[in-house]
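Geometric and topological summary
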Amino acid sequence: FLLNQFDRFYEPEDSVLPPVKLGLCVTSSTGCDSVRTEPFAHLVCCIQRCVRKYKEWADEEIDSTCLQEAQKILLSLTQRLSRTDLDDFELDRSCDYSLSSSVGLKNNITARIIMGLYETLMDYTFN
């Protein structure tokens, strides 16, 4: 079920950057405030934790197709995010990240999702 949810926000084509459709994760409500509609970094964290558990149970019979698909996705996501610039997410150092404006709020939420993705993928890569 996690991979089905993940697929809604993931760009599977390896040549496409950024690999995540963050526009679907952050939406503007009627009051012009942005809200995080999908905690995508948490979703990726859950997937990588499942992969770790599957690896621990390697001796038991498990659905290795699902494991292989998840590992392939995490590897692709890691490699592609390492090549992605903040500009690809329509962010840069000069953007407004304040919580007092609608643009700043959207940028802040987007940046926090991206930071969570990097943290999760570093944890997956180095552990």
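Look above for the structure.
Since this is a predicted model, take the numbers as computed values, not measurements.

This part covers the side chain of Ser34. As for its placement among the helices and strands, Ser34 is situated in strand E2 (residues 34-36). When its relative accessible area of 5% is taken as the criterion, Ser34 is described as buried. Discounting chain neighbours no more than four positions away, the residues touching Ser34 are Val26, Thr27, Ser28, Ser102, Leu105, Lys106 and Ile109.

So, on to unusual backbone geometry. Omega for the peptide link from Leu17 to Pro18 comes to -5 degrees, which places this bond in the cis form. Within the secondary structure, Pro18 sits in the loop between helix H1 (2-7) and strand E1 (26-28). Positioned with a positive phi, Glu90 is a non-glycine residue whose angle comes to about 65 degrees. On the secondary structure map, Glu90 appears in the loop between helix H3 (64-82) and helix H4 (102-126). Using a relative accessible area of 68% as the deciding quantity, one classes Glu90 as exposed.

With the rule as written, the count across this model stands at three aromatic pairs. For the ring pair Phe6 and Phe40, a centre distance of 5.3 Å and an interplane angle of 20 degrees mean the geometry is stacked. Of the two residues, Phe6 is situated in helix H1 and Phe40 in helix H2 (residues 40-56); the sequence distance between them amounts to 34 residues. Like Phe6, the residue Phe40 is buried in the burial classification. Every member of this aromatic cluster is reached through a ring pair, and the members are Phe6, Phe9, Tyr10 and Phe40.

Before going further, it helps to spend a moment on the pattern of salt bridges. Using the criterion set out here, one finds two salt bridges in the structure. Here Asp14 makes a salt bridge to Arg80, at a shortest N to O gap of 3.9 Å. Of this pair, Asp14 sits in the loop between H1 and E1 while Arg80 sits in helix H3, and the two are 66 residues apart along the sequence. Given the relative accessible area of 2%, Arg80 is considered buried. When the shortest N-O distance is used, the salt bridge between Arg52 and Asp123 registers 3.0 Å. Remark: Asp123 occurs in helix H4 and Arg52 occurs in helix H2; sequence separation between them is 71 residues. Accessibility expressed as a relative area gives 27% for Asp123, which makes it partly exposed.

Conventions adopted
- Residues numbered from 1 in each chain as written.
- Predicted model: local features only at pLDDT ≥ 70, side-chain atom pairs only at ≥ 80, totals over all residues.
- Heavy atoms only, no water.
- Helix = DSSP H or I, 4+ residues; strand = E, 2+ residues; numbered from the N terminus.
- Buried < 20%, exposed > 50% of the residue type's maximum accessible area, 1.4 Å probe, protein only.
- Contact = heavy atoms within 4.5 Å.
- Phe/Tyr/Trp six-rings, centres within 6.5 Å; stacked < 30°, edge-to-face > 60°.
- Salt bridge = Lys/Arg side-chain N within 4 Å of Asp/Glu carboxyl O.

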